[in-house]
Amino acid sequence: RQARAGQAEVEADGEEARLSVLLVEDSATIRAQAQKVLEQAGYRVTAVDNGADAWKLARSRRFDAVVSDIEMPRLDGLELTRRLRALASYRDVPL
């Protein structure tokens, strides 16, 4: 069962699942820092270094939120946002 943004998913055993965040940042240093902060806040983080990989991942599964840089190789954050918003499954996801 998918969780809506801001709501935790409940797993079969009754445990609360962590919300998933797709982190998109081409700077390794910033990506590592942001991932650490998000994980310490309790999120399950998938991190990639460019918009094209993020686009591919987002089409294969739904994330509860997306945190993205703007200027990146292969696909910038603005175009990634436009593409994600065009998908019904990402219309209400915080980007």
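One can find the structure itself at the top, above this paragraph.
Bear in mind the structure is a predicted one, so any value in this text is a computation, not a measurement. (Residues numbered from 1 in each chain as written. Predicted model: local features only at pLDDT ≥ 70, side-chain atom pairs only at ≥ 80, totals over all residues. Heavy atoms only, no water.)

Novice: I'd like a rundown of the overall build of the protein, residues and numbers included.
Specialist: From N to C terminus, the protein includes three helices and three strands. For the protein, the sequential pattern of α-helices and β-strands runs β-α-β-α-β-α. A fraction of 57% describes how many contacts in the protein between residues 6 or more apart in sequence connect residues 24 or more apart. (Helix = DSSP H or I, 4+ residues; strand = E, 2+ residues; numbered from the N terminus. Contact = heavy atoms within 4.5 Å.)

Novice: Requested: an account of the pairing of strand β1 (residues 20–24), with residues and values cited.
Specialist: Of all five residues that make up β1, five are buried, and the element is covered over most of its length. Here β1 shows a buried face lined by Ser 20, Leu 22 and Val 24 and a second buried face lined by Val 21 and Leu 23. Each parallel crossover has a hand, and the one from β1 via helix α1 (residues 28–40) to strand β2 (residues 44–48) is right-handed. Summarising the sheet, β1 and strand β3 (residues 65–68) pair through four bridges and their orientation is parallel. Bridging across to β3, Leu 23 finds its partner in Val 67. (Buried < 20%, exposed > 50% of the residue type's maximum accessible area, 1.4 Å probe, protein only. Right-handed = clockwise from strand over helix to strand, strands pointing away. Pairing = 2+ DSSP bridges.)

Novice: Please give an account of unusual backbone geometry that cites residues and values.
Specialist: Even without glycine at this site, Arg 74 takes up a positive phi of about 70°. Assignment of secondary structure puts Arg 74 in the loop between β3 and α3 (77–86). By relative accessible area, Arg 74 is classed as exposed at 64%.

Novice: How would you sum up helix α2 (residues 51–60)? Please name residues and give values.
Specialist: Three or more residues of α2 are buried, namely Gly 51, Ala 54, Trp 55 and Ala 58. The buried residues of α2 all sit within an arc of 100° when viewed along its axis, so they share a single face. For α2, exposure combined with an orientation more than 90 degrees from the buried face picks out Lys 56 and Ser 60. Looking at the buried positions of α2, the neighbouring elements they touch are β1, β2 and α3. The N-capping residue of α2, defined by a side-chain oxygen 3.0 Å from the backbone nitrogen of Ala 52, is Asn 50. (Arc of directions from axis to C-beta. Polar contact = N/O pair within 3.5 Å; in protein donor to acceptor, adjacent residues only side chain to side chain.)

Novice: Run through the nonpolar core, naming residues and quoting values.
Specialist: Ranked by internal contacts, the top residues of the largest apolar core, which has 14 residues, are Leu 22, Val 24, Ala 54, Val 66, Leu 80, Leu 84 and Tyr 90. Broken down by secondary-structure element, the contributors of at least two residues to this core are β1, α2 and α3. It is α2 that provides the largest number of residues to this core, a total of three residues. With five residues, the next largest nonpolar core counts Val 21, Leu 23, Val 45 and Ala 65 among its residues. (Core = buried A, V, L, I, M, F, W, Y, C linked by side-chain atoms within 4.5 Å.)

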